[in-house]
Structure formats: C-alpha cells, structure tokens
Amino acid sequence: MSTSVESFADLGLSESLLKTLSEIGYETPSPIQAQCIPILLDGHDILGMAQTGTGKTAAFALPLMEQIDIKVAKPQALILTPTRELAIQVAEALQSYAKNLPGFHVLPIYGGQSYTIQLKQLARGAHVIVGTPGRVMDHLERKTLNLDNLRTMVLDEADEMLRMGFIDDVEWILERTPEQHQTALFSATMPEQIRRVAQKYLVEPREIKIKSATATVAAIRQVYWQVSGMHKLDALTRILEVEDDFDAAIIFVRTKTATVELADKLNARGYAAAALNGDLNQQMRERVIEQLKSGALDIVIATDVAARGIDVPRVSHVVNYDIPYDTEAYVHRIGRTGRAGRNGNAILFVAPREIRMLRTIERATRQPIAPLTLPSRADVTNKRVADFKAKVAEVLNAEGLEFFANIVSQIAEEQNVGAEEVAAALAMMAQEGKPLQIAGEDPRPAPAPRDSRPGVFGEREQRKPRFEDRGERSERPRFEDRPPRSERPPRPAPAGDMVRYRIDVGREHGVEVRDIVGAIANEAGIESRFIGRIGLYEESSTVELPGGMPAEAANALKRTRIRGVPINLRIDEGRPGGSFGGERKFGGGERKFDGERSFKKKNFDR
Ligand code: AMP
C-alpha cells in the first residue's frame, strides 16, 4: 500500500464511524482516504485528482458525515454528480456509512425521476442531497430545495460534468450556495475549465493527487476480464479451471467481510480456500500461509494489508477480484506470483466504470494488460476431459492393474458387452458428482471497453435504482399523474433508425448544443455518442435520437427543462421553424463532431 496510515482511527474519525467501518469490513484507509479525511475534518477545501475505484466516495463522505447535525433535518451537504447512476451509488454509500447514525437521511435527486416523489422526499427533510446538476438547479429555482444550512459541497467527477455540458449549471449552483461552506472537488483529470472553477469557488484548496508511481513488473502474464454477463464468482471458477499452469492462487478483495464470504463460496465449490485478513492474529495468519505453502490450501483470499510480503513460490496466480485502489497496490499484489524464477499470472477483474483505472495501471507498469476471453463451456469440458484422460493414463502405468483387468473381463462376459462399455460405466462412476460437462449458458462476450457502458438507453434499461425501490413502494405514479393521451410521448419508432425530434428551446434561450446533449444524456439515460445531429435555431431546436426509445425515457424527456425552459419533446414533422442557426453533428452515426471525444481518447484514456 502506498500510505503509511494503517488505520482509520489515526485519521480523527469518531468512534461511531470507526465502528461502522469495521462492521462493513473496511480494514485500512485507501491512500486517497488517508490523505483527504484529516484535511476535510480540519475544514479545508480540497481539489482531488482521483478516479473511480480509489475509494474517493468514502474520502469525502466520512468527514462530511461527521459534520452533520442530525437534529436539523435540512440539507447540510450537497453532492453533485454527473449521472443519476452515480448519484444513487453515492447515496447508497452514505446510507451504508450511516449504519450507526439513527435518523440520518440522504436523498438522491436526479433527472428522469418523478417530481412528485422528489418534492415529497424533499419536504420530509434530508441531511444530505446527492443530485445531478440539472435537477438540483430546477429544485433551487422552484425553491423546493433550500441550501441555507449548507456546510459541505462536493463536486464528484467534475470532468465528467464538464464533458456532459453541465459545468454552467454547476457554476450556477455554486453561485447560489451560502458563503460559508467547505468545498471538495474531485476529478479524474484536471482540464483547464475545472481548474478555473476550482480557482473561483474553492478557498485555498489543498491539492490531493494519488501518486501513480511507474514500476516495472517482472515477467508476469497480465490479463483482465471485463465484468459482464456473468457473476464474478462463476467467472473466477471457470478461469481457474482452465488456466494451464494453475497451482495456487491469492485472490485480492477489498474488505475483510469479502475475504470470508468468497472463501466460504469457494469451499462450497470444492476448492481448498481460506480467508486472510486483519482480523486474524499473527499465529493464525502464519498458519494460513504455511498451509498454502504445503498444498493443504490452494487458494487464499486476502486484503492488501494481510497479504503484504507473502512469499510462496507455488502461487501461480494472483487474481484482482476487486480492482486495487492504485497502481502501487496493484504492483504489490501481483508481486505475490512469479516468485523464485517461476512463471506468474495476474488476472484483473474490471467493472465497466473502472476501465480508466485499468489504463492507469497499464501506463504505470508500462505493460499492456490483454483482455481475457472467458472460457466457454466447451473449453471447460475439454479441459476436464483432458485432465481425466491424463489421470487414466497415469493409472494405466500403475502396478496391480491385472487384478482389475480380470474383473472387467468378467463383467464384459457376464453382461455380454464389450470392454469399452464396461470402461464407460466405470468412468461414469468415477466422475459421479464431478461432471465433465458444465450446465448453463455461455455468457455473451463482453463488449470492447469503449463500448462497455450501458446501451443506447442504457442506465434506464440496466438498473432500476435500488434506492428508489427502498421505501418508495407506495409512491408508484398514480393514475391522475399520467398525462392525457394527447400529451403522451411520441409513439416509438423502429429500433435502429434515427428519429428527429423537435424541442422548444433555442438560441434565444441561451441554449448551446452541449446543453441539449447533457440534458438528454442525463434525463433519458442516452449516452452522448448515440445522440445524432442537433439543429440549433432561434426559438427551437431539433435533435436526432435512436428509434425505439422506451416510453419511460420519452416521458422523462417530455418533462425535461433546459435552462429552465420546458423542452416539450415531440417528433419533428416538418422543416425547422425560426431562422436557421446552423446544424452540428454531435455524436452518433457518422461521428463528425467528435472532437472532444477524439481528444479524450488520445490524451486521457491511455
Ligand atoms: P469508490 O472509488 O469510492 O467508487 O470506491 C470503490 C469501492 O471501494 C467501493 O465498493 C467501496 O465500498 C470500496 N471501498 C472504499 N474504501 C474502502 C476501504 N477503505 N476498504 C475497503 N473497501 C473500500
């Protein structure tokens, strides 16, 4: 690990939060947490360069929670995120840290969710609001959100907010926050505009950057699997089963709870596995390592700290089941294999949102990490059959086979079958409970990393917000909330084609192409690259969107406002109204206007 801080208790957090962290299995602070938490607890502003996977959420959430006055049921912290997915995720994280904080209330508010629900929830009172800029702005304008009691403001993934065209909204919100509050800005990259915002709105911020020390790794084969279409556990066992030179593995996870859970699950699947975490005393820890050395155990599931310095030459594989916080941790982890001149293999599981961390690791280790195709069912079967044949071949050379050969002849004669059939019956018996063929479907291959985010109408299709499900069952849209037929969203066009829509905002409303892209991307969960040509006119605009839009997305768009103006999305029937103001292709189809993307690709992604 790259930090000398070993314990959350060293960071100045309260007993109650320390208890929670221990309960949810956090063993040690991640580097960004070790750096940020004391600074934020001291009341300073922070400009943090950190990406997903570094533990940045807890880095700002824990200090923020220390400052909440539970008795005051008013927003005391506002966290702005670029997407509703992230808003929900961050709200869930805060809720989990509030385990021992009775009465704590965090509320995610984002585009696409019914105002009726949000208004009720806001009226009920929340201590922390996590929201997307557009929707937060709306509530501020409607005066349904009041920031008079605000103490902390967090801008999460600021560069994404910039990329999605929300930066003006963010500034608009910042202008309306009370003078006295602490601000933390996190961004994976630091483009000029984000620096400018930081200079304008942060007060003497401390700059935090996770060091990304370059390191050369020994001759270790490094591959990654992009988590998709299959549970990590199933993927893990498939991979381990077909890996050629598998002998023993150390599997890294983040929490001590996860070490135990995964060990139990692997044991249940017949692996000799054990957990290694900070709860074990030195003696127990040594015992686990001894067992791994001797072959009594084949798999150890460990946290970073617990596995530090392990030197067991038979460890042929290191699996990063949870991605490490930084490159240094990665290098330490994979250094547990390829020891004593042997070959080593490092397998990294990467969630779609963590692709950036993968690239950072590649840069730091100066080695490409190749994508791993999950073994198919046929691959696993072939491997099992090959192993079985090898075992039989071994026994064929063993002594004392004549006795059994004699029995086989007798069976063949008595049953009036050939020796081959008898052998087949015996093979079946030998494999009872250990099938050579595996059941189930093959997962669909993972999309290429660039395309790994949700589909066209991705977020909406992919995940029903768990948060919303909780305690909101009684809030299903009532019949009277439904718009009359004439106002219902346009009938869906066939999927695949682009459909041109008209919206009632244009240049005279101060709208720019990026505002339209940002609003649509967020409210309807359509990725910007799927948004087609945008025509910007004086009083209205046109935008091409993929056909087959789900009703939910269309509904959300009908209600969307840009710069406070309802856009009234509908299929465009004729020629543009108002004076022509120029058309720009943003993304989609031919990808003409992809300057920003190409730039990103070149400079940030690798
Ligand atoms: P983030 O970078 O904030 O998105 O966090 C990534 C993941 O790391 C989340 O699943 C967190 O629950 C987990 N995590 C964050 N901090 C710690 C920690 N100190 N120990 C273990 N897991 C953590």
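Just so we're clear, the structure is a prediction, and the values are computed from it rather than from any experiment.

1. A closer look at the site of the ligand
Taken together, 15 residues lie around the ligand, and Y26, Q33, G53, T57 and R254 are the ones closest in. Here T54 contributes a backbone N or O atom positioned 3.1 Å from an oxygen atom of the ligand. Between the ligand and G55, the relevant distance is 2.7 Å, taken from an oxygen atom to a main-chain nitrogen or oxygen of the residue. For the ligand, the protein covers 79% of the area, taking 490 Å² as the surface of the free molecule. Residues of the shell around the ligand, tallied by class, amount to four nonpolar, nine polar and two charged. Of the residues that make up the shell around the ligand, three or more belong to each of domain 1 (8-209) and domain 2 (220-375).

2. Digging into the sheet that holds strand 5 (residues 152-155)
Read across the open sheet, the seven strands follow the order 3-4-2-5-6-1-7; overall the sheet is parallel. Looking at the sheet topology across the chains shown, the edges are occupied by strand 3 (106-109) and strand 7 (206-209). In this sheet, adjacent strand axes meet at a mean angle of 15° when their direction is disregarded. Alignment of strand 1 (residues 46-49) against strand 7, held across four bridges, turns out to be parallel. Paired with M49 across the strands is K209, a residue of strand 7. Of the strands in this sheet, strand 2 (77-80) and strand 5 touch helix 8 (residues 167-175), which is tilted by about 170° from strand 5.

3. A word on the confidence of the model for the protein
When pLDDT is averaged across the protein, the result is 83; 83% of the residues are at 70 or more. In this model, residues 449-495 is a region of pLDDT below 50 whose contacts with residues beyond four sequence positions or in other chains number 94 contacts.

4. Structural notes on the packing of aromatic side chains
One pass over the structure, following the stated rule, counts six aromatic pairs. For the pair F60 and F186, a centre-to-centre distance of 5.6 Å together with 40° between the ring planes defines the contact as tilted. Placement of F60 in helix 3 (residues 56-66) and of F186 in strand 6 (residues 182-187) is noted, with a sequence separation of 126 residues between them. Accessibility expressed as a relative area gives 1% for F60, which makes it buried. Positioned above the aromatic ring of Y115, the side-chain terminus of R135 is 3.9 Å from the ring centre. Over the face of the ring belonging to Y115 we find R142, whose NZ or CZ atom lies 4.0 Å from the ring centre.

5. Quick word on the pairing of strand 8 (residues 220-226)
Taken residue by residue, a regular strand's side chains alternate between the two faces of the sheet. Taking burial as the measure, the seven residues of strand 8 include six buried ones, the bulk of the element. With seven bridges joining them, strand 8 and strand 13 (residues 344-350) adopt parallel strand pairing. What sits directly across from V223, in strand 13, is I347. In the sheet, strand 8 pairs with strand 14 (residues 370-371) via two bridges, with the strands oriented parallel. When the bridges of strand 14 are listed, V223 appears paired with A370.

6. Topic: the pattern of salt bridges
What the rule picks out here adds up to 26 salt bridges. In this structure, the salt-bridge partner of D322 is K232, at a minimum N-O distance of 3.0 Å. Linking D322 in the loop between strand 12 (315-320) and helix 13 (327-334) with K232 in helix 10 (residues 232-242), this pair joins segments that are 90 residues apart in sequence. Salt-bridge contacts for R269 lead to D234; the nearest nitrogen and oxygen are separated by 2.8 Å. A residue pair is termed long-range when its members are at least 10 positions apart, and R269 in the loop between helix 11 (256-268) and strand 10 (273-276) and D234 in helix 10 qualify at 35 residues. You can call R269 partly exposed: its relative accessible area is 40%.

7. Focus: the nonpolar core
Counting residues in hydrophobic clusters, the biggest one holds 40 residues, and the most contacted among them are L94 and V128. Elements represented by at least two residues in this core include exactly helix 1 (15-23), helix 2 (31-41), helix 3, strand 2, helix 4 (84-97), strand 4 (128-131) and strand 6. Excluding residues within four positions of it along the chain, L94 makes contact with A61, L64, M65, I79, F104, V106 and V128. Counting 34 residues, the second largest nonpolar core, distinct from the first, contains L80, M137, I194 and V197.

8. Observations regarding unusual backbone geometry
The backbone phi angle of E157 is positive, close to 50°, even though this residue is not glycine. Note that E157 resides in the loop between strand 5 and helix 7 (158-163). Phi at E204 is positive, roughly 40°, even though this residue is not glycine. A relative accessible area of 67% means that E204 is categorised as exposed.

9. Examining the pairing of strand 15 (residues 498-503)
Pairing geometry for strand 15 and strand 17 (residues 541-546), over six bridges, is antiparallel. When the bridges of strand 17 are listed, R500 appears paired with E544. Pairing geometry for strand 15 and strand 20 (residues 570-571), over two bridges, is antiparallel. Note on strand 20: the bridge partner recorded for Y501 is I571.

10. Focus: the packing of helix 20 (residues 513-524) against helix 21 (residues 551-559)
Viewed as axis vectors pointing N to C, helix 20 and helix 21 meet at an angle of 135°, and their least axial separation amounts to 9 Å. Classified by the angle between their axes, helix 20 and helix 21 sit oblique to one another. Crossing handedness for the pair helix 20 and helix 21: right-handed. In this structure, helix 20 contributes I520, E523 and A524 to the contact, and helix 21 contributes A553, A556 and L557. Here the contact of helix 20 with helix 21 is built from residues that sort into five nonpolar, no polar and one charged.

What counts and what doesn't
- Residues numbered from 1 in each chain as written.
- Predicted model: local features only at pLDDT ≥ 70, side-chain atom pairs only at ≥ 80, totals over all residues.
- Heavy atoms only, no water.
- Near = heavy atom within 4 Å.
- Polar contact = N/O pair within 3.5 Å; in protein donor to acceptor, adjacent residues only side chain to side chain.
- Areas by Shrake-Rupley, 256 points an atom, 1.4 Å probe, with all protein chains shown as cover.
- Nonpolar A, V, L, I, M, F, W, Y, C, P; charged D, E, K, R; others polar.
- Domains from an automatic or database assignment.
- Pairing = 2+ DSSP bridges.
- Helix = DSSP H or I, 4+ residues; strand = E, 2+ residues; numbered from the N terminus.
- Axes fitted to C-alpha atoms, helices over the stretch in contact; angles between N-to-C directions.
- Contact = heavy atoms within 4.5 Å.
- pLDDT = per-residue confidence, 0-100.
- Phe/Tyr/Trp six-rings, centres within 6.5 Å; stacked < 30°, edge-to-face > 60°.
- Buried < 20%, exposed > 50% of the residue type's maximum accessible area, 1.4 Å probe, protein only.
- Lys NZ or Arg CZ within 6 Å of the ring centre and 35° of its normal.
- Salt bridge = Lys/Arg side-chain N within 4 Å of Asp/Glu carboxyl O.
- Core = buried A, V, L, I, M, F, W, Y, C linked by side-chain atoms within 4.5 Å.
- Parallel < 35°, antiparallel > 145°, perpendicular 65-115°, else oblique.
- Left-handed = near helix turned anticlockwise from the far one by under 90°.

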